[in-house]
Amino acid sequence: MRFFLSFLFLALFCMPVMAQTKSATIPALPEALVPLEDKGAQLRYLGTENGMDGWIAIYQGQEQYYYITPDKKAFVTGLMFAQDGRPITIDQVKDLQAQNGGALDLLAQDKPESEQPKKLSEIKSVTEGLSTRTPAQRMFSEVENSNWVRLGSADAPVIYSFVDPQCPHCHEFMNDIKEKYIDSGVMQVRIIPVGFQPGSLAQAAFLLGAPNGEELFFRHLAGDETALPAKSDMSTQAVQKNMALMQAWKFNVTPLTVYKAKDGEIKIIRGRAKDAATIV
């Protein structure tokens, strides 16, 4: 399961925290990001843009950007863009790296070191491509980098589906495709657990944290009420990130399925698919 977005700038994390910003004042780590630090994520302050404090978090070799709302009560994730399409986040990262006094040594995008771009011109072409993607492409990239659980063969074509453990329509959709498409290896479903129903937030968190998530989810579908316990002590941070992603793209129903068709077009199915064969 991939936990964060791409772009690993290793050089950023070789300097002390206090050297990372032009200002001598670095705000305290927001409470919402403390669970990430507790897990071992490295966090650096990016500065303030449009009234929002930006933070970069790196965990297990992958990167995510967080912007804290002015009231400090919530956050949004992803890249910030200016009105003219300029990638503000990328500029912030470049400024941070420059303040650390070193060249941009590495840009990792889930590639082995031999394939990573070493020249600034190569890096520029990658970062500039971010601002030219369509909204649908940006949405699909964020969906790919959400917190998900794989159902089915890792070699099968992939679809993503936002699922609430207590949503009956989600159960119906998964039962529609389980035997004919998932179990047979025709389709891989990456379910993105969310928790909008009573008790489902903790169940979704348990599902994401379990090493045998696929087995537990299918037991839950089959009616095993003990498969996904609603533990109150479970961290719900990963599920809340999934829910924030839904809200950011105005996805207001579960199940909601996103996939890339053979022609490259990004498709969205809201609710239970009437005919799963059309996805295949």
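Keep in mind the model is a prediction, meaning the values are calculated, not measured. (Residues numbered from 1 in each chain as written. Predicted model: local features only at pLDDT ≥ 70, side-chain atom pairs only at ≥ 80, totals over all residues. Heavy atoms only, no water.)

Draft legend 1. How the structure looks around the side chain of serine 200. Checked against the element boundaries, serine 200 lands in helix 6 (residues 200-209). Looking at serine 200, its side chain comes within polar contact range of the main-chain nitrogen of phenylalanine 196, at 3.4 Å. Leave out the neighbours within four places in its chain, and serine 200 touches Asp164, Pro165, Gln166, Val194 and Gly195. (Helix = DSSP H or I, 4+ residues; strand = E, 2+ residues; numbered from the N terminus. Polar contact = N/O pair within 3.5 Å; in protein donor to acceptor, adjacent residues only side chain to side chain. Contact = heavy atoms within 4.5 Å.)

Draft legend 2. Expanded view of the nonpolar core. Of all hydrophobic cores here, the largest spans 48 residues; its most connected members are Phe162, Met174, Ile177, Val189, Ile191 and Phe217. Of all the elements, helix 5 (residues 168-182) adds the most residues to this core, at six residues. Counting eleven residues, the second largest nonpolar core, distinct from the first, contains Leu33, Trp55, Ala57 and Tyr66. (Core = buried A, V, L, I, M, F, W, Y, C linked by side-chain atoms within 4.5 Å. Buried < 20%, exposed > 50% of the residue type's maximum accessible area, 1.4 Å probe, protein only.)

Draft legend 3. Quick look at the confidence of the model for the protein chain. Per-residue confidence for the protein chain gives a mean pLDDT of 78, with 77% of residues at or over 70. Segment residues 1-24 is flagged for pLDDT under 50; beyond a separation of four residues in sequence, or across chains, it makes 85 contacts in the model. Considering only residues more than four positions removed or in separate chains, one finds that residues 101-120, a stretch of pLDDT under 50, has 34 contacts. (pLDDT = per-residue confidence, 0-100.)

Draft legend 4. A look at the sheet that holds strand 6 (residues 158-163). As summarised here, the arrangement of the five strands in space is 5-7-6-8-9, forming an open sheet in which the pairing is mixed. With one partner strand each, in any of the chains shown, strand 5 (149-151) and strand 9 (266-270) form the two edges of the open sheet. Strand-to-strand twist in this sheet, taken as the mean axis angle between neighbours without regard to direction, amounts to 25 degrees. Pairing between strand 5 and strand 7 (residues 188-193): three bridges, direction antiparallel. Opposite arginine 150, over in strand 7, you have arginine 190 as the bridge partner. Packed onto the sheet, helix 4 (residues 135-144) meets strand 6, strand 7, strand 8 (256-260) and strand 9 and runs at close to 70 degrees relative to strand 9. (Pairing = 2+ DSSP bridges. Axes fitted to C-alpha atoms, helices over the stretch in contact; angles between N-to-C directions.)

Draft legend 5. Geometry of the pairing of strand 6. Among the six residues of strand 6, five are classified as buried, and the element is accordingly described as predominantly covered. The sheet contact formed by strand 6 and strand 7 spans six bridges and is parallel. Along strand 7, the bridge assignment pairs tyrosine 160 with arginine 190. In terms of handedness, the path from strand 6 via helix 5 over to strand 7 forms a crossover that is right-handed. Of the pairings in the sheet, the one linking strand 6 to strand 8 comprises three bridges and is antiparallel in character. Looking across to strand 8, one finds that tyrosine 160 is bridged to valine 258. (Right-handed = clockwise from strand over helix to strand, strands pointing away.)

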